[in-house]
Amino acid sequence: MLNFILKRLVQSAIVMLVVALLSFFLFNFVGDPISNMVGQESTTKDMEELRDQLGLNDPFIVQFGRFVVNAVQGDFGISYRLQRPVEDVVAERMPATLELVFVSAIIAILLGVAGGLFTGLKKKHWFSKVILTGSLVGVSLPTFVIGILLIYVFAVKFQILPSFGRGEVVTLDSGWTTGLLTLSGWKAIILPSITLALYQTTLILRIIRSEMLEVMRADFIKFARARGLRQRDINFGHALKNTLIPVITVAGLQIGSLIAFSIITETVFQWPGMGSLFIQAVQFADVPVMSAYLVMVAFFFVMINLIVDLLYFVVDPRLRVEVRG
Amino acid sequence: MLKLTRKLAVAGFVLGAAAAPFAAPVQAENVLRYTSVSDASTLDPHALNALVTLMIDIQMYDALVMRDPGMVKIPGLAVSWENLDPNTWEFKLREGVTFHNGNPFNADDVIFSIKRAQADTSQMQGYVNTITEIRKIDDYTVQFVTDKPNPILLDQLVNIFMMDAEWAKEHGVEAPQNFKDSQETYAVRHTNGTGAFKLESREPDVKTVLVRNENWWGNEEYKHNIDKVVWTPITNDATRVAALLSGEVDLVTDPPIQDLNRILGSSNLKVEQTAQMRTIFFGFDVKADELRHSSVKGKNPFKDVKVRQAFYHAIDVEAIKRAIMRGMSVPAGMIIEPPINGYKAEWDENRLPFDPEKAKALLAEAGYPEGFSVQLDCPNNRYQNDEAICQAAVSMLAKIGVEVRLNAQPKTQFFPLITGKTTDFFLLGWGVPTMDSGFAFDYLVHSEASWNAAHYGTPELDAKIEAIRGIVDVEERNRIIEEIWTQVQADIPYLPLHHQMIFWAMSKNLNIPIEPNDMPRFYWASFSN
Amino acid sequence: MQTAKLSKWWAGFYDHDVTWSFLHSPLTMLASLVTLLLVGAAFGAPYLTSYTPFEPGSLSLMDAFLPPAWEAGGSAAHFLGTDGQGRDVLAAIMYGTQISLIVGLFSVLLSVAIGIPLGIIAGYATGSWIDTLIMRVADIQLTIPPILIALMIDGVVRTSMSNELHEEMAIPVLIFSIGIASWPQYARITRSGAMVERRKDYIAAAKLIQTPAWLILLRHIFPNVVGPTLIVATIGVAVAIIIEATLSFLGVGVPPTNPSLGTLIRIGNNFLFSGEWWITFFPAFTLVILVLSVNLIGDWLRDTFNPKLR
């Protein structure tokens, strides 16, 4: 057990290093931040001086070394665009993204589980077919198309929901900002969270459905039937319980995907989270912010994965045996 | 990582624990909700010479000299000025003015602010580098001494905002942000000016809230009824228009021009327009011995003025105006625009006509009857429909046999090609904040000029450009300016396309004078209720 | 032995159950028809339309913003209208679909080409260090969504080559980054197939007569595991097309000089509020129909051939 956890931790550390190297390597070549930092009226000499100041003329390996040493201490340098410490900017943007991801995850899990159960249990029901076909349409619509469509219908045509932003935001004592304590905040999160949740909903729905179909064929269900248990008890007592384990793990991984896909949703809805911060940083060649974002996201993924691995370990006795052997 | 995760952990716990009451929004009487494509990177008035920073700062900071909406210079924090001798200017300062924190404004603040703008880390040096000495005569009188006669000093001072010396010292911001430091300076997100609005809150990229300064010296003179300004930048074009159409914002200063008709179709909205101080043009590298990306080897076709004329004749600027600019541009025959000193309407009127046959003939004369290939470098997020203009030019030039490879990219990647002067053929836009041709010469025409990617220039022209920097006699100066332009018009290092126009889309009950420099000033706005 | 297996699989393919299932699934038939039509239109574009929307010399701004033929002001010459450069929208969609299909198909081919061999090797050598290495790398990569990986690889590649080169290389680069981003799932499926297969008697027999390992992998294991993987790959094509469209929408995909459906949607999106809805609507509609049809076919294939993988 300890061995297993240790192994996983070492692996996670390696992943983080690789991602750090990648993100640093990647963004060291994107555009030239200097021309954005100075106005149209600056001279070439000014720009050269600024480049020196920022250490952009140092050899690659020196720049990377500096980056890793600082990153480990939580210091990602100063954003070229915002002229503020990157870790402050990221910390400020994180609540918006996490709230969006949180609400989307709930929507995806609720709808996905309900739809998956229904289609899994009532395989032949006409509504199951509607849901399944509908879910296919859901995976076939690119996120950005859904977002634009929703804005057009609900914000422009009917004018019942806002088209951008987080609405009224409350700052808690800790500095965490939340839109979930105001009415306008809730209104603002509806469209983006639906947009973001749609794809994951269909994924979860399909996984639950196939797990259900699988489980319903399993021997213990047949025995339960043979024992004369009520169908409802079988469905929810035996079958659902047995499908939940893979679903929980998959849902965990999907939260990671939600963070990545929020880049697109946040761009369309001007949601002030890390995703839109990242895209703006890409356009501005704001290297410190881009690197920090990727390292942060990788960190989330690695953490989620670690937790999921441990969950597997806890819930699936077979794995324990294999690891020992 | 440590620092960040700790912050997160704390934040996460508190989210669960604290139950803050539902916030009741305090509704100010007249709230102007404003959006534009991008936010200012800093509020420090001397750190960055960028339009967005100047736009937000001008609401909160005042300069010695201001412009009215028609761009005429009017008294700001200086009530009067006088040219004592060619190199000395005396300014009488406005009395009884206080900064937002209550500190009085006086000559010491002027001296401090000019010095700050001259600091190494300032990007406003270009506006104040002729000032060699500032003398304090008394608390409300200062004299500026320049190294040589500077005819445009007042125009330059419009952009230099006055900061409180005590406040700056108190918060350690005596000099603008140094990018080398890993901490932000206080002035990046805090302001203390004498201006019409005070900063209430600021979340960069998200929301900036300004409130009316009841103690502003201009409240009597420039009456406005804006109590609060809420500025939320929206990057995505479609979302920005959607926000206006759905009534979530009152003012958009950069609506995509193709959406203007849709906006006008809404009964609650209107669009104001004016000519912008920016002209769009193509440029040619007229000096290189061989182009970097071309089928022509060993020589540079753009060295031949006939080729430049051929390109000029090949571009159908009216079609660009109609289809791409939706009629919302003014075809140009020179690269500066009407309000700028040195502009002449006849040059705009006499632009070379669209004539593909003549273009082909000129190419043949120049020795390229079969045309040639060349790369066009073009920004895709800088000017109105920049990429579409370039695409249209590609197909127009294809019709005279010139095969153009379009290299359209974000301004981040594009501008280094211009400032590095490593482009053969490019699209550029230029504005003149000082309202004088000298600015355009200094940046685009002088052979040493930093943005002269055309590598244009002759020793004679350089001499003239240097000469006008110190000539105070207006007529003499204007005569030389005209000489320079005449030469440029004949040589065609730049192929003028059109003067851009500015459109501000707003709700019908908002009145705000539109300004050619594209900076809304909220103290000239009012809601009619 | 192995030919018997192979023919059994093919027999399964033509089995009357499958035909019956196909003929009794009108949705699948419709999807197949639509897919065939779109593929035909995409690759037959040079013969089906006289417009060459991506040859600048053939465009005229005079034709810009013509609405579809049935709208007022529309012209029969441009059935779905024209865009802001005077480009025929229908022709642009045909050529754009071609690019989308090429990127989708080839990136999945690349994933499969990486995933199947690695999966077979890992499955055959279950428990060995090779297996551990391959599956750990796959696990690690699976934790990061393909779109982010593609975004990163795309960024690295295009920033390390010149502008001129990266425009020419945009499509191969996209194929490469999407392909690399999604190999692990194929490796996983193949591995589990190979693990089952290697325990079978005929493999033991082959080992006994000292058939070299590579030959066993190639002749015996590969034909038996490729089927299920290819079925999953069908849906992979749909996913790849969406990823390509999303990257192009974010402006990092294929350049506007040679646009895919995603690029067309991005460009047309600028005209959504100005009334020229057809510039973005038809490409978006085509994209959705294409992806939906491929998904429907993939779903049906999976349900029919491989109920376990559902």
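Residues numbered from 1 in each chain as written. Chains lettered and ligands numbered in written order. Predicted model: local features only at pLDDT ≥ 70, side-chain atom pairs only at ≥ 80, totals over all residues. Heavy atoms only, no water.

## Side note on the overall build of chain A
Inference 1: Helix and strand counts for chain A stand at 13 helices and two strands.
Inference 2: Burial statistics for chain A: of 325 residues in total, 57% are counted as buried.
Inference 3: Roughly 13,800 Å² of accessible area belongs to chain A as shown, and the carbon and sulfur atoms make up 68% of that amount. (Helix = DSSP H or I, 4+ residues; strand = E, 2+ residues; numbered from the N terminus. Buried < 20%, exposed > 50% of the residue type's maximum accessible area, 1.4 Å probe, protein only. Areas by Shrake-Rupley, 256 points an atom, 1.4 Å probe, with all protein chains shown as cover.)

## A short note on the interface of chain B and chain C
Inference 1: At the interface, 29 residues of chain B touch 20 residues of chain C.
Inference 2: Buried area between chain B and chain C, summed over both chains or domains, comes out near 2,100 Å², and the portion from carbon and sulfur atoms is 50%.
Inference 3: In this assembly, chain B and chain C are joined by one salt bridge.
Inference 4: The partner of R326 of chain B in a salt bridge is E276 of chain C, and the shortest N-O contact between them spans 2.6 Å.
Inference 5: Joining chain B to chain C, the criterion identifies five residue pairs in polar contact (both at pLDDT 80 or more).
Inference 6: Ranked by residues supplied to the side of chain B that touches chain C, first place goes to helix α13 (residues 386-398) of chain B with eight residues.
Inference 7: Residues of the side of chain B that touches chain C, tallied by class, amount to 14 nonpolar, seven polar and eight charged. (Contact = heavy atoms within 4.5 Å. Buried area = accessible area lost by both parts, 1.4 Å probe. Salt bridge = Lys/Arg side-chain N within 4 Å of Asp/Glu carboxyl O. Polar contact = N/O pair within 3.5 Å; in protein donor to acceptor, adjacent residues only side chain to side chain. Nonpolar A, V, L, I, M, F, W, Y, C, P; charged D, E, K, R; others polar.)

## Quick look at the side chain of T182 of chain A
All names here are of chain A.
Inference 1: Along the polypeptide, T182 turns up in the loop between β2 (177-178) and α8 (183-216).
Inference 2: Using a relative accessible area of 2% as the deciding quantity, one classes T182 as buried.
Inference 3: Here the side chain of T182 touches G185 through a polar contact of 2.9 Å, landing on its backbone nitrogen.

## Some words on the pairing of strand β1 (residues 31-35) of chain B
Residues and elements named next belong to chain B.
Inference 1: Where burial is concerned, most of β1 is hidden: four out of the five residues are buried.
Inference 2: Note: β1 against strand β10 (residues 228-231), four bridges, orientation parallel. Its bridge partner being in β10, V31 is matched across the sheet by K228.
Inference 3: Bridging between β1 and strand β11 (residues 251-252) involves two bridges; their strand directions are parallel. By the bridge assignment, Y34 is partnered in β11 with L251. (Pairing = 2+ DSSP bridges.)

## Digging into the domain arrangement of chain B
When the parts of a complex come together, some accessible area is lost, and that lost area is often taken as the interface size.
Residues and elements named next belong to chain B.
Inference 1: Domain annotation of chain B identifies domain 1 (13-38 + 196-268 + 508-529), domain 2 (62-173) and domain 3 (276-501).
Inference 2: Averaged C-alpha coordinates put domain 1 and domain 2 at centres separated by 29 Å.
Inference 3: At the junction of the two partners, domain 1 supplies 15 residues and domain 2 supplies 13 residues.
Inference 4: When the two sides are added together, the surface that domain 1 and domain 2 hide from each other amounts to roughly 1,100 Å², 61% of it contributed by carbon and sulfur.
Inference 5: Its largest share of buried area at the contact with domain 2, domain 1 owes to W217, R521 and W524, together 44% of the area lost on that side.
Inference 6: Across the contact surface, domain 1 and domain 2 share zero salt bridges. (Domains from an automatic or database assignment.)

## Details of the confidence of the model for chain B
All names here are of chain B.
Inference 1: Confidence in the prediction of chain B, expressed as mean pLDDT, is 89, and 93% of residues score 70 or more.
Inference 2: Residue range residues 1-27 is modelled with pLDDT below 50. Its contacts to residues more than four positions away, or to other chains, number 46 contacts.
Inference 3: Here the predicted complex carries an ipTM of 0.74, next to a pTM of 0.80. (pLDDT = per-residue confidence, 0-100.)

## So, the nonpolar core
Grouped burial of nonpolar side chains is what soluble globular proteins tend to show.
Inference 1: Judged by nonpolar contacts, the single largest core of 223 residues is most densely connected at F282, F311, F372, L428 and W485 of chain B.
Inference 2: Per element, the largest residue contribution to this core is 16 residues, and it comes from helix α12 (residues 213-249) of chain C.
Inference 3: If you count residues domain by domain, this core takes at least three from each of domain 1 (13-38 + 196-268 + 508-529) and domain 3 (276-501) of chain B.
Inference 4: Excluding residues that lie within four positions of it along the chain, L428 of chain B makes contacts with T279, I280, F281, Y383, F414, F415, I418, L444 and W451 of chain B.
Inference 5: A40, F99, L153 and W217 of chain B belong to the second largest nonpolar core, which has 71 residues in total. (Core = buried A, V, L, I, M, F, W, Y, C linked by side-chain atoms within 4.5 Å.)

## Some details on the sheet that holds strand β7 (residues 141-146) of chain B
Residue and element names in this part refer to chain B.
Inference 1: Across the sheet, four strands lie side by side as β4-β5-β7-β6; this open sheet has antiparallel pairing. Edge strands, defined here as strands with exactly one partner in the open sheet, are β4 (78-85) and β6 (131-138). Within this sheet the neighbouring strands show an average axis-to-axis angle of 20°, counted without direction.
Inference 2: Across the sheet, helix α3 (residues 107-118) is in contact with β5 (88-93), β6 and β7; its angle to β6 comes to roughly 170°. (Axes fitted to C-alpha atoms, helices over the stretch in contact; angles between N-to-C directions.)

## Considerations on the state of the cysteines
Residues and elements named next belong to chain B.
Inference 1: Applying the stated criterion to the full structure yields one disulfide over all chains.
Inference 2: Across the disulfide, C378 is cross-linked to C390 (sulfur-sulfur distance 2.1 Å). Here C378 and C390 share a disulfide; its torsion about the S-S bond, 90°, makes the bridge right-handed. Of this pair, C378 sits in strand β14 (residues 373-379) while C390 is found in helix α13, placing the two residues twelve residues apart along the sequence. (Disulfide = S-S within 2.5 Å.)

## Examining unusual backbone geometry
Among all residues save glycine, negative phi is the norm, and among peptide bonds the norm is trans.
All names here are of chain B.
Inference 1: Here the phi dihedral of M435 falls at roughly 65°; this positive angle occurs in a residue that is not glycine.
Inference 2: Locating M435 in the fold gives a position in the loop between β16 (425-430) and α15 (437-445).
Inference 3: Judged by relative accessible area, M435 falls into the buried class, the value being 11%.

## Thoughts on the pattern of salt bridges
A side chain with one charge may pair with a side chain of the opposite charge, provided their charged atoms come close.
Residues and elements named next belong to chain B.
Inference 1: Taken as a whole, this structure holds 35 salt bridges over all chains when the rule is applied.
Inference 2: With its nearest N and O atoms 3.0 Å apart, the salt bridge here joins K73 to D155. Here the residue K73 occupies a position in strand β3 (residues 73-75), and D155 occupies one in helix α5 (residues 153-157), the gap between them amounting to 82 residues.
Inference 3: Given a relative accessible area of 7%, D155 falls into the buried group.
Inference 4: The salt bridge involving K228 is made with E200; its shortest N-O contact spans 3.8 Å. Of this pair, K228 sits in strand β10 while E200 sits in strand β8 (residues 197-203), and the two are 28 residues apart along the sequence.

## Side note on the side chain of H313 of chain B
Inference 1: As for its position among the elements, H313 of chain B is in helix α9 (residues 305-314).
Inference 2: Non-local contacts of H313 of chain B, meaning those with residues more than four positions away in its chain, are made with L352, P353, F354, D355, P356, K358, A359 and L362 of chain B.

## Quick notes on the packing of aromatic side chains
Inference 1: Applying the stated criterion across every chain yields a total of 45 aromatic pairs over all chains.
Inference 2: With centroids separated by 5.7 Å and ring planes inclined at 20°, the aromatic side chains of F281 of chain C and F285 of chain C adopt a geometry described as stacked. Linking F281 of chain C with F285 of chain C, this pair stays in helix α14 (residues 278-305), spanning four residues, or about one helical turn.
Inference 3: Joined through ring pairs, the aromatic side chains of F282, F284, F302, F311, Y368, F372 and F425 of chain B make up one cluster.
Inference 4: Sitting above the plane of the F65 of chain C ring, R326 of chain B keeps its charged end 3.9 Å from the centroid. (Phe/Tyr/Trp six-rings, centres within 6.5 Å; stacked < 30°, edge-to-face > 60°. Lys NZ or Arg CZ within 6 Å of the ring centre and 35° of its normal.)

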